[in-house]
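Report on the structure
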Amino acid sequence: MKKLKVALSGQPNCGKSTIFNLLSGIDQHIANYPGVTVDKKTGFFSYEKYQIEMIDLPGTYSFSSYSLEEKIAKEVIIKENPNLIVNVLDASNIKRNLYLTFQLLEMGIPIIVVFNMMDVAKRRGIQIDTQKISKILACPIVEASASKGIGAKGIMKAVVNTIKKQKTYEDFKINYEELEPYIKDIQKEIKNSQINLNKRWMAIKALENDAFIIKYLEKDYPLIKKSLKKYSFSFNEKYDKDIVSFLASIRYDCANLIYHKAVKEENQGKETITDKIDKIVLNRFLALPILFAIMFLIYEISIVYGYKLTDYTWPLLAAIKNFVIDIMPKADFTQVPMMTDFAIWMINSANALANYIPIFFILFALIAIMEDVGYMPRMAFILDRVFKKFGLHGQSTLPLVLGGAMVGGCAVPGVMATKGIADDRARMATILTVPYMNCLAKVPFYTLLLGAFFKANMALMMFYISTITIFIAMIIAKILTSTVLKTRETAPFVMELPPYHLPTFKGVIIRAFQRVWIYIYKVITIVLAVAIILFAMLQVPGLDSKSKIKYEEQSHKALASFNKKAKKSTYYKQVDTKIEVSELLNYYDSYKSKRMATSSKSAALAIDKTFKEENKTYYKFIKPKKDKEARKINKAIRKLSKERKRVLRKMKNEKIENSLLGMLGRVIEPISKYAGFDWRINVAFLSSFAARESAVATLGSIYENNRNDKLRAEENMAQNSGYTPLHATAIIIFMILTPPCIATMIVVKMQTNSYLWMLFATFFPITLGIVLSSLVFTLGSTYLWSGLEAMSYYYMFIVALALIIGLFPNKIINWKGGFKNI
Amino acid sequence: MSNYTSLDDIKVKEKVTIIKIHTKEKLLHKLLDMGFVSGASIEILRKAPLGDPLELRIQGYTLFLRRSEARLIEVQKL
């Protein structure tokens with residue numbers, strides 16, 4: 001087996017990643033380029049006697065050094081030294097794609113050009129004579145339609161054939177006419193360079209003022225910058241043109257030449273389907289309503305219908321919980337073994353989160369569809385004017401959407417996606433505002449609170465929550481860009497609007513699964529780790545001896561009362577020891593919870609059967625039917641079960657109150673009480689710092705009944721917490737602003753490259769959150785607002801504030817130069 | 001105000017050719033890479049619903065840019 005290294009290059013939207021997946025299948029590896037967050041994908045495949053490693057370069061329009069992606073692409077080619085480059089281009093957008101091809105051809109590395117999306121080109125009546133182009137460019141060309149799975153074999157074959165013929169390869173040269181003498185001069189100047197790169201290419205790049213190449217050359221030729229300046233000046237004088245524009249013109253001329261020689265467009269000037277759709281979707285009057293309608297539809301489908309779906313998945317989770325409880329050591333009346341307690345805690349923590357997986361799956365699938373269809377850049381187009389007003393960028397749309405601008409997302413990929421924003425000021429502002437978006441882990445928290453306190457107005461409240469974040473983010477972005485970020489550099493905003501594509505079912509499902517998996521993975525690692533720590537913090541120091549005695553007395557009393565009642569029954573002998581009573585009690589509770597978790601009659605009968613087989617005597621007591629004596633026992637055991645639950649709940653509450661976490665929650669209660677937060681909510685927020693998922697897990701566990709039953713955490717919370725909807729509103733307002741989880745903080749540190757910004761990103765929102773929620777809670781308590789009213793007023797206030805700020809003119813300095821000292 | 005006809009002065013659906021780009025460095029590079037070379041023809045397809053940015057066709061594909069950038073592109077009506 002011979003080993004080959006191939007670099008895959010292409011412009012954005014050319015279908016490069018589809019080609020990549022087609023070639024490597026699942027045999028791929030994703031990592032980061034060192035120090036930056038651009039994905040480095042490597043794939044492997046073998047053909048004939050060759051084992052081929054394929055490096056996926058970032059998608060770039062050009063091969064200069066003006067963006068991070070371009071710098072990385074160049075660095076990979078220089079450092080990895082691939083045997084050849086596979087250049088993918090979009091057959092339906094030839095001219096601009098060839099512009100990159102010409103730059104690649106000059107590098108002196110053999111190239112295979114893949115004309116992808118041939119099916120789209122054909123459909124649009126674009127006829128391409130690829131053989132002719134292959135002759136003109138003197139390089140092999142392969143036709144492909146990667147989204148239909150066509151082209152992999154052809155590419156592999158071309159790779160191997162090209163390698164075999166490598167010795168006959170001759171460098172590709174474009175005649176740059178007037179510039180040629182200058183190129184030759186520089187080539188002469190650097191002819192002794194040790195760098196393993198094509199000299200002519202380096203000369204051209206140097207003339208193009210490519211900072212990356214110049215830096216390389218400067219090591220050996222410290223004076224290179226000076227002579228470049230001289231050349232550039234002389235060219236300017238002589239031809240009244242700058243070199244950069246001149247080079248670009250020639251390359252586009254070359255692309256045009258090929259286009260005219262080998263491409264025929266039948267339907268030129270005719271409306272494409274994309275044009276027709278854009279007429280409606282980007283229509284001056286319809287664009288905004290359509291955009292909001294799409295967003296609202298996404299809430300409806302993912303949150304409302306997804307939540308209904310959880311009605312079907314919840315019994316499944318309840319069954320898992322019951323199973324775990326079954327295999328754990330049984331409780332001896334009110335003495336629950338710690339191991340069982342721990343198992344219940346962990347399964348509750350996991351279930352509270354797993355319950356939302358259907359919602360996430362639907363949401364991710366919808367976002368993947370939006371990405372594939374090509375709506376994302378259109379969103380940037382429609383909303384750029386607004387973003388610009390607040391110092392952001394149309395390109396901020398994607399990070400904000402990933403962060404959760406629509407319903408929910410994750411700040412980690414959101415903050416990472418800011419790398420692509422060329423405008424430094426907008427990038428910084430986006431990094432610092434993405435964490436304000438609705439993090440997916442907040443969604444379960446909201447759904448828990450909404451399910452408990454706003455059942456009738458769930459959709460409206462969710463609409464408030466998910467749309468208010470963007471207004472808050474805008475206000476904060478504006479504040480930041482006009483204060484701390486004022487002096488940062490700004491950059492141009494030029495963006496392609498690719499044609500619409502039908503998403504493939506497979507692609508959407510795979511992406512949705514991948515993202516759900518990330519969520520589950522995060523749950524398993526961070527959240528369960530946090531759950532363990534929290535469990536410990538809730539157990540220590542435990543009940544003091546005085547309380548222990550108190551509860552022991554209470555349980556004795558309950559047992560005695562049972563004994564007294566049971567004595568009246570003729571069956572008393574079967575339950576006259578403590579062990580027997582405890583067994584019967586566990587038997588009764590287990591039966592009850594299992595029956596409640598089933599809805600079908602046949603399943604209920606099956607449960608009856610197994611319990612009857614397990615213990616005929618006890619079964620008689622839990623289902624006494626007409627047996628009068630057994631009914632006496634039944635009544636007594638029901639009462640005892642209720643008593644036990646009461647005692648257990650009291651014990652648990654006291655334990656939590658006295659625990660380390662409870663103490664911490666109490667310490668900050670004097671401040672948080674203005675916002676209506678009691679120590680329980682504080683405990684939930686404290687646990688949310690590690691990962692927001694923990695907040696709902698903690699609340700879920702605190703409000704989940706200790707025994708296995710069907711009551712969900714939100715139902716329990718509404719009944720037993722003593723909170724009003726106004727409390728819930730204050731909690732929601734704080735939660736909307738609360739700081740990002742540790743993972744996000746780390747990413748913020750990476751992207752801003754500063755601990756100071758990280759600390760700022762942590763403590764600014766906490767302060768703001770406590771101030772705003774206190775304000776709303778205090779006002780709400782004074783004027784007796786309902787929770788919904790308070791939220792509505794708050795929403796209106798924020799939206800109005802955002803609008804007022806947005807109307808302030810944004811003054812950008814668009815010029816440079818003049819005298820330095822005036 | 002600029003003393004040349006800029007892309008921003010052009011009405012929707014009109015076609016123009018590029019004369020010169022009055023900017024440098026980053027923005028110049030970006031515009032050149034996207035196909036804004038002198039002599040290239042541009043058709044303005046539409047304005048965004050809020051009036052900015054502009055959607056246009058160049059080199060056979062569609063893109064959008066802000067009016068503040070369009071102002072730097074000198075054009076000639078066909």
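Small disclaimer: the values here were computed from a predicted structure and weren't measured. (Residues numbered from 1 in each chain as written. Chains lettered and ligands numbered in written order. Predicted model: local features only at pLDDT ≥ 70, side-chain atom pairs only at ≥ 80, totals over all residues. Heavy atoms only, no water.)

Re the overall build of chain A
Looking only at helices and strands, one finds 36 helices and 10 strands in chain A. Burial statistics for chain A: of 822 residues in total, 55% are counted as buried. Taking all contacts inside chain A whose residues are at least 6 apart in sequence as the whole, residues at least 24 apart take part in 75%. Of the roughly 38,000 Å² of accessible surface on chain A, 61% is carried by carbon and sulfur atoms. (Helix = DSSP H or I, 4+ residues; strand = E, 2+ residues; numbered from the N terminus. Buried < 20%, exposed > 50% of the residue type's maximum accessible area, 1.4 Å probe, protein only. Contact = heavy atoms within 4.5 Å. Areas by Shrake-Rupley, 256 points an atom, 1.4 Å probe, with all protein chains shown as cover.)

Thoughts on the sheet that holds strand S3 (residues 54-58) of chain B
On the basis of which strands lie adjacent, the open sheet formed by 6 strands has the order S10(A)-S4(B)-S3(B)-S2(B)-S1(B)-S5(B) and antiparallel pairing. Edge positions in the open sheet fall to strand S10 (494-496) of chain A together with strand S5 (73-77) of chain B, since each of these has one partner strand only. Neighbour-to-neighbour, the strand axes of the sheet open up by a mean angle of 40°, direction not taken into account. By the bridge criterion, 5 bridges tie strand S1 (residues 15-21) of chain B to S5(B) in an arrangement that is antiparallel. Across the sheet, the residue bridging to B:Lys20 is B:Glu74, located in S5(B). (Pairing = 2+ DSSP bridges. Axes fitted to C-alpha atoms, helices over the stretch in contact; angles between N-to-C directions.)

A closer look at a nonpolar patch on the surface
Residue and element names in this part refer to chain A. Taken together, the side chains of Ile280, Phe285 and Leu286 define a hydrophobic patch exposed on the protein surface, amounting to about 330 Å² of accessible area. The topology assignment puts Ile280 in helix H12 (residues 273-281). The class of Ile280 is partly exposed, set by a relative accessible area of 48%. (Patch = residues over 30% accessible without salt bridge, like charges linked within 9 Å, V, L, I, M, F, W, Y side chains within 5 Å. Salt bridge = Lys/Arg side-chain N within 4 Å of Asp/Glu carboxyl O.)

Remarks on a positive patch on the surface
All names here are of chain A. Taken together, the side chains of Lys564, Lys565, Lys568, Lys592, Lys635, Arg638, Lys639 and Lys642 make up a positively charged region of the molecular surface. Counting residues per element, the positive patch draws most heavily on helix H27 (residues 628-658), which supplies 4 residues. With respect to the helices and strands, Lys564 occurs in helix H23 (residues 545-567). (Lys, Arg positive; Asp, Glu negative; His and termini not counted. Charge placed at Lys NZ, Arg CZ, Asp CG, Glu CD.)

What about the interface of chain A and chain B?
In this complex, chain A contributes 46 residues to the contact, which on the side of chain B involves 34 residues. Looking only at chain A, the three residues that lose the most surface to chain B are A:Tyr66, A:Phe381 and A:Val494, adding up to 20% of its buried area. At the junction of chain A with chain B, the criterion picks out 3 salt bridges. Put simply, A:Lys388 and B:Asp52 hold a salt bridge, and the shortest N to O gap is 2.8 Å. One can count 11 residue pairs in polar contact (both at pLDDT 80 or more) joining chain A with chain B. Put simply, the parts of the chain that give the side of chain A that touches chain B at least two residues each are helix H3 (94-105), helix H11 (243-262), H12, helix H13 (287-327), helix H16 (375-389) and S10 of chain A. (Buried area = accessible area lost by both parts, 1.4 Å probe. Polar contact = N/O pair within 3.5 Å; in protein donor to acceptor, adjacent residues only side chain to side chain.)

Here we look at the nonpolar core
Core analysis: the largest hydrophobic core is formed by 105 residues, its most contacted members being A:Ile472, A:Ile732 and A:Tyr794. The next biggest cluster of nonpolar side chains, apart from the first, holds 66 residues, and it includes A:Ile109, A:Leu137, A:Trp201 and A:Ile258. (Core = buried A, V, L, I, M, F, W, Y, C linked by side-chain atoms within 4.5 Å.)

Looking at the pairing of strand S5 (residues 84-90) of chain A
Residues and elements named next belong to chain A. For S5, the buried fraction is high: 7 of the 7 residues fall into the buried class. The side-chain alternation of S5 yields two buried faces, one formed by Leu84, Val86, Val88 and Asp90 and the other by Ile85, Asn87 and Leu89. Across 6 bridges, S5 lies against strand S6 (residues 111-116) in parallel orientation. When the bridges of S6 are listed, Asn87 appears paired with Val113. With H3 bridging S5 and its parallel neighbour S6, the resulting β-α-β unit is right-handed. (Right-handed = clockwise from strand over helix to strand, strands pointing away.)

Section: the packing of helix H33 (residues 725-737) of chain A against helix H35 (residues 755-782) of chain A
Any two packed helices are characterised by how steeply their axes cross, that is the angle between the axes, and by the distance between the axes. Residues and elements named next belong to chain A. Contact pair H33 / H35: the axes reach a minimum separation of 8 Å and the direction vectors enclose 160°. Taken together, the axes of H33 and H35 are roughly antiparallel relative to one another. Between H33 and H35 lies a crossing whose hand is right-handed. Counting all contacts with H33, which are made through Leu726, His727, Ala730, Ile733, Phe734 and Leu737, the residues of H35 involved are Pro765, Ile766, Leu768, Gly769, Ile770, Leu772, Ser773, Val776, Phe777, Gly780 and Ser781. Class assignment for the residues of the contact of H33 with H35 results in 12 nonpolar, 5 polar and no charged. (Parallel < 35°, antiparallel > 145°, perpendicular 65-115°, else oblique. Left-handed = near helix turned anticlockwise from the far one by under 90°. Nonpolar A, V, L, I, M, F, W, Y, C, P; charged D, E, K, R; others polar.)

Looking at helix H6 (residues 152-164) of chain A
Spanning 13 residues, H6(A) covers 19 Å between terminal C-alpha atoms, matching the ideal 18 Å at 1.5 Å per step. Listing the buried residues of H6(A) in full gives A:Ala152, A:Ile155, A:Met156, A:Ala158, A:Val159, A:Val160, A:Thr162 and A:Ile163. (Expected span 1.5 Å × (residues − 1).)

A few points about the environment of A:Ala255
Residue and element names in this part refer to chain A. Relative to the elements of secondary structure, Ala255 occurs in helix H11. Judged by its relative accessible area of 0%, Ala255 is buried. As a C-alpha pair, Ala255 and Phe102 span 153 residues in sequence and 8.1 Å in three-dimensional space. Discounting residues that sit within four places of it in the chain, Ala255 has contacts with Lys95, Leu98 and Phe102.

Remarks on the confidence of the model for chain B
All names here are of chain B. With 97% of its residues at a pLDDT of 70 or more, chain B shows a mean pLDDT of 89. Mean pLDDT across the secondary structure elements of chain B bottoms out at helix H1 (residues 25-33), with 87, and peaks at S3, with 94. Reported confidences for the modelled complex are a pTM of 0.74 and an ipTM of 0.94. (pLDDT = per-residue confidence, 0-100.)

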